[in-house]
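Structure assessment
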Amino acid sequence: MSSSISTALSVNLNKVALVRNTRQLGIPSVLFAASMCLDAGAQGITVHPRPDRRHIRPQDVRELSALLRKKWPKAEFNIEGNPFHNLMEFVRELRPHQATFVPDSETQSTSDHGWSFPEDAERLRPVIAEAKALGVRVSLFMDPNPDMMAAAKAAGADRVELYTEGYAASRETSEAQSVLQLYAEAARAAQAAGLEVNAGHDLSRDNLTEFLRAVPGVCEVSIGHAFVSDALELGYTGATREYLRRIEEAGEQAPR
Ligand SMILES: CC(=O)[C@@H](O)[C@H](O)COP(=O)(O)O
Ligand SMILES: NCC(=O)COP(=O)(O)O
């Protein structure tokens, strides 16, 4: 049974910037990628401007913010990062629709864990409050632990983003169904605590529909690595349509 919640597709453009940065030619264009994906129906854009600027750079973030405000005012801009590193500069300057707080170290190769409660609650509370006071929705990157969701809410978060690498990695194993059940329990616990639920990391064309069918009420999926890989074969428009189709197949489709 599909819930009334529609799942929005937010395309993460980190890997477009990663390829661009290997030369001094400005191609592939991050702005062009965003334009094509939004024109094709994606409901948002996500970036993760890491402190070492390996892919998304501050200028990308500023240009994307201006582009979305000017041409796609209904699309959501989601900026990810560690609020104790460089994320809050972007939150203060650009006031994106959403800031996703991720507890990454500055040199981490990719995101691989969520926040811990109660350990992180005290230090997160003021930066969550600051972002919310600026009108920015705050989502906390979390492992699928049902027991941590009430504390995430108490710290002031609006949403949690379920870190889905564990799901993606389990799919071909005997643990697949129990892992998927854990994500569903974590989502229900978050919603019972008054949080909305996002999901991301290692989601793909192959695993997205199954995840959304099993995990209720996901508001947004942010997808980058697999999406950009698919776009190399299908183009941005084709890839966007494929991912929107997967969401639709799961019975939850955000308004276009
Ligand atoms: C938080 C998360 O899981 C991803 O959004 C993250 O942006 C991936 O970062 P890389 O693209 O640098 O691997
Ligand atoms: N929050 C997840 C995200 O934005 C993209 O993660 P991935 O699809 O690149 O693994």
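Conventions adopted
Residues numbered from 1 in each chain as written. Chains lettered and ligands numbered in written order. Predicted model: local features only at pLDDT ≥ 70, side-chain atom pairs only at ≥ 80, totals over all residues. Heavy atoms only, no water. Helix = DSSP H or I, 4+ residues; strand = E, 2+ residues; numbered from the N terminus. Rg over C-alpha atoms; globule rule 2.2 N^0.38 Å. Buried < 20%, exposed > 50% of the residue type's maximum accessible area, 1.4 Å probe, protein only. Areas by Shrake-Rupley, 256 points an atom, 1.4 Å probe, with all protein chains shown as cover. Near = heavy atom within 4 Å. Polar contact = N/O pair within 3.5 Å; in protein donor to acceptor, adjacent residues only side chain to side chain. UniProt positions renumbered as here; feature names shortened; annotations may be inferred. Contact = heavy atoms within 4.5 Å. Axes fitted to C-alpha atoms, helices over the stretch in contact; angles between N-to-C directions. Parallel < 35°, antiparallel > 145°, perpendicular 65-115°, else oblique. Left-handed = near helix turned anticlockwise from the far one by under 90°. Nonpolar A, V, L, I, M, F, W, Y, C, P; charged D, E, K, R; others polar. Pairing = 2+ DSSP bridges.

**Some points on the overall build of the chain**
- Helix and strand content of the chain: 10 helices and eight strands.
- Since a compact globule built from 256 residues should have a radius of gyration of about 18 Å, the 17 Å found for the chain is in line with a globular shape.
- If one aligns the C-alpha atoms of the chain with their principal axes, the spans along those axes are about 50 × 40 × 30 Å.
- In the chain, which comprises 256 residues, the share counted as buried stands at 55%.
- For the chain, the accessible area works out to roughly 11200 Å², and carbon and sulfur atoms hold 51% of it.

**Overview of the site of ligand 1**
- Near ligand 1, the surroundings consist of Asn12, Asn14, Lys15, His48, Arg50, His55, Glu80, Val102, Thr110, Ser111, Phe141 and His201.
- For ligand 1, an oxygen atom lies 3.5 Å from a polar atom in the side chain of lysine 15.
- Contacts to ligand 1 include histidine 201, whose side-chain N or O atom sits 2.5 Å from an oxygen atom.
- A total of 360 Å² of accessible area belongs to ligand 1 in isolation, and the protein chains cover 91% of it.

**Regarding the UniProt feature "active site" (unreviewed entry) in the chain**
- Those places that UniProt annotates as "active site" (unreviewed entry) correspond, in this numbering, to His48, Glu80 and His201. The greatest C-alpha distance among the annotated residues, which extend across 154 residues, is 12.2 Å, indicating that they converge on a single site.
- Relative to the elements of secondary structure, histidine 48 occurs in the loop between strand E2 (44–47) and helix H3 (58–71).
- Histidine 48 sits in the buried class, given a relative accessible area of 4%.
- In contact with histidine 48, other than residues within four places in its own chain, are Asn14, His55, Ile56, Glu80, Gly81, Val102, Asp104 and Ser111.
- Looking at where glutamate 80 falls in the secondary structure, it is placed in strand E3 (residues 76–81).
- Glutamate 80 gets classed as buried once you look at its relative accessible area, which sits at 8%.

**Considering the packing of helix H4 (residues 87–94) against helix H5 (residues 121–133)**
- Look at H4 against H5: their axes get within 10 Å of each other, and the N-to-C directions meet at 20°. As the angle between them shows, H4 and H5 are arranged roughly parallel. Note that H4 runs across H5; the crossing there is left-handed. Counting all contacts with H4, which are made through Met88, Val91 and Arg92, the residues of H5 involved are Val127, Glu130 and Ala131.
- Here the residues of the contact of H4 with H5 are counted per class, giving four nonpolar, no polar and two charged.

**Things to note about the sheet that holds strand E6 (residues 159–163)**
- Around the barrel, which closes on itself, the eight strands sit in the order E1-E2-E3-E4-E5-E6-E7-E8 with parallel pairing between neighbours. Within this sheet the neighbouring strands show an average axis-to-axis angle of 25°, counted without direction.
- Packing of helix H10 (residues 225–249) onto the sheet brings it into contact with strand E1 (8–12) and strand E8 (218–223), and relative to E1 it is tilted by some 170°.

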